[in-house]
Amino acid sequence: MKKIAVLTSGGDAPGMNACVRAVTRYAINSGLEVYGVERGYTGLVNNKIFQMNKRSVSDIIQRGGTILKTSRCPEFKEKEYIQIAADNLDAYEIEGLVVIGGDGSYRGAKDLYEMFGVKVIGIPGTIDNDLAYTDYTLGFDTTVNTVLSAINNLRDTMTSHDRVCIIEVMGRKCGDIALYAGIGGGAESILVPELECNIPALVRKIKVNQRIGKTSDIIVLAEGVMKAEELKQQLKDGGVTGSIKTTTLGYIQRGGTPSMQDRLLAAQFAKKAVDLLLQDIGGKVVGIRDNHIIADDIAEALARERVFNKELYDEAVTLGL
Ligand code: ADP
Ligand code: F6P
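These remarks concern the structure in this document. (Residues numbered from 1 in each chain as written. Chains lettered and ligands numbered in written order. Predicted model: local features only at pLDDT ≥ 70, side-chain atom pairs only at ≥ 80, totals over all residues. Heavy atoms only, no water.)

### Topic: the site of ligand 2
Reasoning step 1: In the neighbourhood of ligand 2, the contacting residues comprise Arg72, Ile127, Asp128, Met170, Gly171, Arg172, Glu223, Tyr251 and Arg254.
Reasoning step 2: Side-chain polar atom of Arg172 to an oxygen atom of ligand 2: 3.2 Å apart, as the coordinates give it.
Reasoning step 3: When ligand 2 sits alone it has 400 Å² of accessible area, and the protein chains cover 76% of it.
Reasoning step 4: According to the grid-proximity analysis, the pocket containing ligand 2 is the largest pocket.
Reasoning step 5: Of the residues that constitute the shell around ligand 2, the class distribution is three nonpolar, one polar and five charged. (Near = heavy atom within 4 Å. Polar contact = N/O pair within 3.5 Å; in protein donor to acceptor, adjacent residues only side chain to side chain. Areas by Shrake-Rupley, 256 points an atom, 1.4 Å probe, with all protein chains shown as cover. 1 Å grid on protein atoms, 1.4 Å probe; cavity = no way out; pocket = protein on both sides within 12 Å on 5 of 7 lines; lining within 4 Å. Sits in = over half its atoms within 2 Å of the grid points. Nonpolar A, V, L, I, M, F, W, Y, C, P; charged D, E, K, R; others polar.)

### Notes on the state of the cysteines
Reasoning step 1: Evaluation of the coordinates by the stated rule reveals zero disulfides.
Reasoning step 2: Here Cys174 is not disulfide-linked; the sulfur of Cys197 is the nearest cysteine sulfur, at 17 Å. (Disulfide = S-S within 2.5 Å.)

### Some thoughts on the packing of aromatic side chains
Reasoning step 1: With the rule as written, the count across this model stands at seven aromatic pairs.
Reasoning step 2: Judged by centre distance (6.2 Å) and plane angle (40°), the ring pair of Tyr106 and Tyr133 falls under tilted. Placement of Tyr106 in helix H4 (residues 103-116) and of Tyr133 in the loop between strand E5 (119-124) and helix H5 (140-161) is noted, with a sequence separation of 27 residues between them.
Reasoning step 3: Tyr106 gets classed as buried once you look at its relative accessible area, which sits at 0%.
Reasoning step 4: Taken together, the ring pairs connect Tyr136, Phe140 and Tyr180 into an aromatic cluster. (Phe/Tyr/Trp six-rings, centres within 6.5 Å; stacked < 30°, edge-to-face > 60°. Helix = DSSP H or I, 4+ residues; strand = E, 2+ residues; numbered from the N terminus. Buried < 20%, exposed > 50% of the residue type's maximum accessible area, 1.4 Å probe, protein only.)

### Brief notes about the pairing of strand E2 (residues 33-37)
The side chains of a regular strand alternate between both faces of the sheet.
Reasoning step 1: A large share of E2 lies buried, amounting to four of its five residues.
Reasoning step 2: Where strand E1 (residues 3-8) meets E2, four bridges bridge the pair, whose relative direction is parallel. If you follow Ile4 over to E2, its bridge partner there is Val34.
Reasoning step 3: This β-α-β element, E1 to helix H1 (residues 16-29) to E2, shows right-handed connectivity. (Pairing = 2+ DSSP bridges. Right-handed = clockwise from strand over helix to strand, strands pointing away.)

### Section: the side chain of Ser189
Reasoning step 1: Assignment of secondary structure puts Ser189 in strand E7 (residues 189-191).
Reasoning step 2: Accessibility expressed as a relative area gives 5% for Ser189, which makes it buried.
Reasoning step 3: In contact with Ser189, other than residues within four places in its own chain, are Leu202, Lys205, Ile218, Ile219 and Val220. (Contact = heavy atoms within 4.5 Å.)

### Things to note about the environment of Thr134
Reasoning step 1: Inspection of the secondary structure puts Thr134 in the loop between E5 and H5.
Reasoning step 2: When near neighbours in sequence (up to four residues on either side) are disregarded, Thr134 contacts Pro124, Gly287, Ile288 and Arg289.
Reasoning step 3: For Thr134, the side chain forms a polar contact with the main-chain oxygen of Tyr136, separated by 2.9 Å.
Reasoning step 4: In this structure the side chain of Thr134 is engaged in a polar contact, spanning 2.9 Å, whose partner is the backbone nitrogen of Ile288.

### Re helix H3 (residues 79-91)
Reasoning step 1: Across its 13 residues, H3 extends 18 Å between first and last C-alpha, which sits within 8% of the 18 Å expected from 1.5 Å per residue.
Reasoning step 2: Burial in H3 covers these residues: Ile82, Ala85, Ala86, Asn88 and Leu89. Down the axis of H3, the buried side of the element spans an arc of 155°, and every buried residue falls inside it. Opposite the packed face of H3, turned more than 90 degrees from it, sit the exposed residues Glu80, Asp90 and Ala91.
Reasoning step 3: Lining the buried residues of H3 we find E1, helix H2 (40-45), strand E3 (49-52), strand E4 (96-101) and H4.
Reasoning step 4: Of the residues one or two after H3, Glu93 is the one with positive phi, at around 60°. (Expected span 1.5 Å × (residues − 1). Arc of directions from axis to C-beta.)

Pasting the structure below:
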């Protein structure tokens, strides 16, 4: 293989730039030509493919977002568009493609590989940490740290006013951002979509907390459960008295300079991806399990069922009492 391309797809995540840089530099240093694709699959379909050199990725390791831009490209679910993308790569004689994105992006990558033989390697880039085959995705650590900093600030003001605070965080159907930020931020309660939401029990807990003299009560709510305002209403209807405030952290969670952990993962994932392509291997996704960088078949990785870390959740509950 002589030429590879790299793209970022789906929701952006801190560390994507560090990863684009690492893919580009490892590949060029290994004798490959590297091409960037603009705006994920949209650029692949519209032939927005350009050659990169080592200077193309200077001064980006510390930046959030993605210099390659990203997009959601619904037409990529249709075979005729996947064919156009494969033809475009073919015209440049690009044989390998690194896709940095989440599970949706992986589905597109799988189609490209299975239908048209493009040697695709997936790198997990999403703040959600919702891919079953890898312990961590790129961007998750930075996002959790951003949420932690918000919890710290909110705790200050909630304590001064003796308030209950519902903090809504992202994650789609995955509760990991809520769980990790909740445990790290010392939240009184954490609500995740993987577990049933028991409002009467939560109301009782808040009342006990008020009785025993807690001056603030932080509830970290994953967006996959419900909206913060909805939960506030349910708590009021359930009999919680006193001031309840809501904060939806929103897109602030997606930006920002990547943490050391995410920069390290970016470099390690990139090296594994390029090494596979150098061996002419495609159809894989890289990840980290038990502190080892691994590669799985893309189809198998997508078929795996996510297991929620209930043990960690139970520990968080105990610590919040
Ligand atoms: P993420 O990769 O972060 O999960 P999305 O779910 O939005 O983000 O997916 C990113 C892109 O991947 C979509 O806009 C689409 O182009 C492509 N994609 C998603 N699902 C599929 C699918 N089932 N088949 C082919 N391509 C898909
Ligand atoms: O997948 C990343 C993510 O930030 C989710 O946590 C969130 O639900 C979603 O993307 C928001 O997507 P959009 O950028 O389309 O609003």
